[in-house]
Amino acid sequence: MPGYANDKKRTITRLRRVEGQVRAIEQMVESDTYCIDILTQIAASTSALKSVALTLLDDHMNHCVREAAEKGGEEADEKMQEASEAIARLVRS
């Protein structure tokens, strides 16, 4: 079971909200909305998506990584490396 299982409904709701924001941005472009207004909405959508990512990362750390760490060994090392790489990707984005 994935780490986000307990928050799945909330995660899907948040992702649908982001999807709606992106569709609204598309409509803004189609309607020739002022550039700064579009950029403001892009920043808001990006922030919302990063918030979802951080929630998923937190769930992963508290479920998958913790479980692997308790078992120890190679699986723990792999999960720690995965988490480190995911964090690096989020920081770079």
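Only a predicted model underlies this, so the values are computations on that prediction, with no experimental measurement involved.

Caption draft 1: Structural context of the packing of helix H2 (residues 35-71) against helix H3 (residues 73-92). At a minimum axis separation of 8 Å, H2 and H3 run at an interaxial angle of 165°. Comparing the axis directions of H2 and H3 gives the class roughly antiparallel. Considering how the two elements wind past one another, H2 and H3 form a crossing that is left-handed. Taking contact as the criterion, the partners of Ala53, Leu54, Leu57, His60, Met61, Cys64, Val65, Ala68, Ala69 and Lys71 in H2 are, on H3, Gly73, Glu75, Ala76, Lys79, Met80, Glu82, Ala83, Ala86, Ile87 and Leu90. Considered class by class, the residues forming the contact of H2 with H3 number 14 nonpolar, two polar and four charged.

Caption draft 2: H3, seen in detail. For H3, spanning 20 residues, the distance from its first C-alpha to its last is 29 Å, which sits close to the expected 28 Å at 1.5 Å a residue. Regarding H3, the residues found buried are Ala76, Ala83 and Ala86. What you see down the axis of H3 is that its buried residues fit within an arc of 95°, all on one side. Among the exposed residues of H3, those oriented more than 90 degrees off its buried face are Glu74, Asp77 and Arg92. Structurally, H3 contributes buried residues whose contacts are with H2.

Rules used throughout
- Residues numbered from 1 in each chain as written.
- Predicted model: local features only at pLDDT ≥ 70, side-chain atom pairs only at ≥ 80, totals over all residues.
- Heavy atoms only, no water.
- Axes fitted to C-alpha atoms, helices over the stretch in contact; angles between N-to-C directions.
- Helix = DSSP H or I, 4+ residues; strand = E, 2+ residues; numbered from the N terminus.
- Parallel < 35°, antiparallel > 145°, perpendicular 65-115°, else oblique.
- Left-handed = near helix turned anticlockwise from the far one by under 90°.
- Contact = heavy atoms within 4.5 Å.
- Nonpolar A, V, L, I, M, F, W, Y, C, P; charged D, E, K, R; others polar.
- Expected span 1.5 Å × (residues − 1).
- Buried < 20%, exposed > 50% of the residue type's maximum accessible area, 1.4 Å probe, protein only.
- Arc of directions from axis to C-beta.

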